[in-house]
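Structural overview
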Amino acid sequence: MTTVPARRGRRNEDFTGAVPTAAVLVDGAGIPGAEAICRHGVAWYADRLGSNLLGLLTLVRDRSLPELLATAIEQVTEAHRDSCDVADPISPSAAVAVLRVSDGLVEHLVLGDAVLVLDRVQGVPLVVADPREVVISRSYQSAIEATAEGSDEHHRLLRELRANRNRPGGFWVAKDDPRAADEAITGSCPAAELTGAVLLSNGASRIVDRFRLADWPEVLAVLASAGSAGPAEIIRRVRQAEARHVVAADDATITHCTDLGGG
């Protein structure tokens, strides 16, 4: 696994971690001004949510992934409800991807714009993604890009976009309401059908879905051939593309899971 902040000197708002039977990736989200709403910040939210979720995956084995995510969201919300305005539209939130192996079965969950790719023994990879945030964000993209970053209009548009979170007809992320976990995309398959899996934040998945430098089989091939250096190599290529296209860098995180039959 590799996680790289958008730039030096900036705190990484992604989290990833693993235990013997599970992996978690959390991609935190926030906008300037959120510090006045939540004194802890986005990185704290992502770290706390990811750590709590990993703990639950280790200790509680008889509950579904949405149930565990809902509990983790509730735990983090209660940890800062008294000091922060957790319900404000710009309070910290996060996308989440989870992989769990148990009794020969691989379960997965994706909430928000994280991406999870299952490398199948036969056939093309199965890409698990939640398109709802991407679809809604696209309608705001041109207006946001036309305003100066940090301006009042820029912040207004971001607030308006985030007002679509966790509501019917909008998109769903981990934030303050544990019921959002029920909207996650989930599934499972026998571990014997997979050679591996990869979890990516949207800052890393842009190698495919934004820059089109590779398709998912090519990404999986790099990860397999480069071993432990594979995630760093993918992110290196993303950073090069960001520089070429003058695109603002984003925190980028990849966790590559192999030997899934061991759960």
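The structure contained in this document is the topic of the report that follows. (Residues numbered from 1 in each chain as written. Predicted model: local features only at pLDDT ≥ 70, side-chain atom pairs only at ≥ 80, totals over all residues. Heavy atoms only, no water.)

1. Looking at the side chain of arginine 100
Here is the rule: The way it works is that DSSP assigns letters per residue, a run of H or I at least four long becomes a helix, a run of E at least two long becomes a strand, and they are numbered from the N terminus. Relative accessibility thresholds used throughout: buried, under 20% of the residue-type maximum; exposed, over 50%; partly exposed, between the two (1.4 Å probe, protein chains only). Any pair of nitrogen or oxygen atoms within 3.5 Å is treated as a polar contact; in protein, a donor-acceptor pairing is required on top of that, and neighbouring residues in sequence qualify only through side-chain atoms on both sides.
Take arginine 100: it is sitting in strand E4 (residues 93–102). Arginine 100 gets classed as buried once you look at its relative accessible area, which sits at 7%. Engagement of the side chain of arginine 100 in a polar contact is seen with the backbone oxygen of arginine 63, the distance being 3.0 Å.

2. As for the pairing of strand E7 (residues 126–129)
Condition: Here, strands pair whenever DSSP counts at least two bridges between them.
Relative to E7, strand E6 (residues 115–120) runs antiparallel, the two sharing four bridges. Each residue of the ladder has a partner; that of valine 117, found in E7, is valine 127. In textbook terms, the turn of a hairpin is the stretch between consecutive antiparallel strands, and for E6 and E7 this stretch comprises five residues, one of which, glycine 123, has a positive phi near 90 degrees.

3. With respect to helix H2 (residues 65–80)
We apply this condition: An expected span of 1.5 Å times one less than the residue number is assigned to each helix. Whether two residues are in contact is decided by their heavy atoms, any of which lying within 4.5 Å being enough.
Its 16 residues place the ends of H2 23 Å apart at the C-alpha level, agreeing with the 22 Å of an ideal helix rising 1.5 Å per residue. Where H2 is concerned, the buried positions are Leu65, Pro66, Leu68, Leu69, Ala70, Thr71, Ala72, Ile73, Val76, Thr77 and His80. Here the buried face of H2 lies against helix H1 (42–59), E4, strand E5 (105–111) and strand E8 (185–190).

4. A closer look at the nonpolar core
So the rule is basically this: For our purposes a nonpolar core is just a set of buried Ala, Val, Leu, Ile, Met, Phe, Trp, Tyr and Cys residues, chained together by side-chain atoms within 4.5 Å.
In terms of nonpolar packing, the biggest core is built from 30 residues, with Leu49 and Leu53 touching the most fellow members. Looking at this core, the elements with two or more residues in it are strand E3 (22–29), H1, H2, E4 and E5. Residues within four places of leucine 49 in sequence aside, it is in contact with Val26, Ala72, Ile73, Val76, Ala94, Val96 and Ala174.

5. Re the pairing of E5
Walk down a regular strand and you will see the side chains alternate between the two sheet faces. Summarising burial for E5: six of the seven residues are buried, a large majority. Judged from the seven bridges that link them, E4 and E5 form a sheet pairing that is antiparallel. Across the sheet, valine 98 pairs through a bridge with leucine 109, a residue of E5. Counted between consecutive antiparallel strands, the loop separating E4 from E5 contains two residues, among which aspartate 103 sits at a positive phi close to 50 degrees.

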